[in-house]
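Single-letter residue listing:
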Amino acid sequence: FILDVLIMQLKYTHEDITNILASMPDSVTHTPSFTYLNQTYATNDNIVLNLPDPKGKPTTYFAKLLNAHLIAEPTNQSKVPILQVQFYFNREHLDHRYKGVLKHLSVNELFASNLTQYVPLNALIGKFKLCNLDEYVNSVEDHELKYSQSSIDIHNGNIEPSLDSRKKVCSCRKIENPDYNYIFCESCEQWFHYFCVGILDATNVSNFHFKCK
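This section reports on the structure supplied with the text. (Residues numbered from 1 in each chain as written. Predicted model: local features only at pLDDT ≥ 70, side-chain atom pairs only at ≥ 80, totals over all residues. Heavy atoms only, no water.)

This next bit is on the pairing of strand E6 (residues 79–89). Counting buried positions over the 11 residues of E6 gives 9, a clear majority of the element. Pairing of strand E5 (residues 58–72) with E6 involves 10 bridges; the strand directions are antiparallel. Residue pairing for E6: Phe62 is matched across the bridge by Tyr88. In this structure, E6 lies alongside strand E7 (residues 109–120), joined through 7 bridges in antiparallel fashion. Paired with Gln84 across the bridge in E7 is Tyr118. (Buried < 20%, exposed > 50% of the residue type's maximum accessible area, 1.4 Å probe, protein only. Helix = DSSP H or I, 4+ residues; strand = E, 2+ residues; numbered from the N terminus. Pairing = 2+ DSSP bridges.)

Spelled out as structure tokens, the structure:
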């Protein structure tokens, strides 16, 4: 999945901005922090963007803010705000080789990518909280929290550390999804998915003395 993000403000494309930054540095002002729609942003903030997907449909993306620039418009010297961001991918962005494991990836897991782009300020819709896996597991009440434990190379689609290296659980031997419910076997001391061992009603599951087959 290669994200093709276009600049939707004035006439600038990603290539235009790259050229301006390289050839006309005097026309560019760097802003380490700024306020937009009553919220303050700074370099390395994790941000939410609304941008068109490759088919032109408005879509929510997650990214890290690398830089904020004000570029002087040569015709009238007005300042055009542009953000340089590094995108996170989620499970929907992974290619076909991961099809069999997608449902065992959390909808809240993000993969840090090496895709950087310039986007207009008006694509910015807010910030989000990003943590590690342990923090995510222990923050079950925060439904807006995202977590990351791997990165993805957009050129070859490889994930590091690989998904194959993750701990396998249950009789299905799939990687652990922190959003699923699990029950502990008192005999083999392994964790099993509710749905794999036939638990349909979790009301009294804390009273179960479960032993797997």
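From this point, the discussion proceeds with the structure in view.
Here we take up the environment of Lys146. The residue Lys146 is located in strand E10 (residues 146–152) in this model. The spacing of Lys146 and Leu133 is 13 residues in sequence and 9.0 Å in space, taken between C-alpha atoms. In terms of polar contacts, Lys146 uses its side chain to reach the side chain of Asn108, at 2.9 Å. (Polar contact = N/O pair within 3.5 Å; in protein donor to acceptor, adjacent residues only side chain to side chain.)

Let's shift gears to the nonpolar core. If you look at the biggest cluster of nonpolar residues, it comprises 29 residues, and the most contacted ones within it are Phe34, Leu49, Leu83, Val85, Phe87 and Leu124. Put simply, the parts of the chain that give this core at least two residues each are strand E2 (33–36), strand E4 (46–52), E5, E6 and E7. Beyond its immediate sequence surroundings of up to four residues, Leu49 is in contact with Thr59, Thr60, Tyr61, Ala63, Val85, Phe87, Val119, Ala123, Leu124 and Ile125. By size, the runner-up hydrophobic cluster in this structure holds 10 residues, among which are Val169, Cys170, Tyr182 and Phe192. (Core = buried A, V, L, I, M, F, W, Y, C linked by side-chain atoms within 4.5 Å. Contact = heavy atoms within 4.5 Å.)

Counted according to the given criterion, the structure contains 8 aromatic pairs. Relative to Phe195, the ring of Tyr180 lies with its centre 5.3 Å away and its plane at 90°, an arrangement referred to as edge-to-face. One end of the pair, Tyr180, is in the loop between strand E13 (174–175) and strand E14 (182–184); the other, Phe195, is in the segment after strand E15 (191–193), and 15 residues separate them in sequence. Exposure remark for Phe195: the relative accessible area of 45% places this residue in the partly exposed category. Consider the rings of Phe192 and Phe210, whose centres lie 5.8 Å apart with planes at 65°: the pair is edge-to-face. Of the two residues, Phe192 sits in strand E15 while Phe210 sits in the segment after E15, which places them 18 residues apart along the sequence. (Phe/Tyr/Trp six-rings, centres within 6.5 Å; stacked < 30°, edge-to-face > 60°.)

Taken by themselves, the reported measurements are silent on function.
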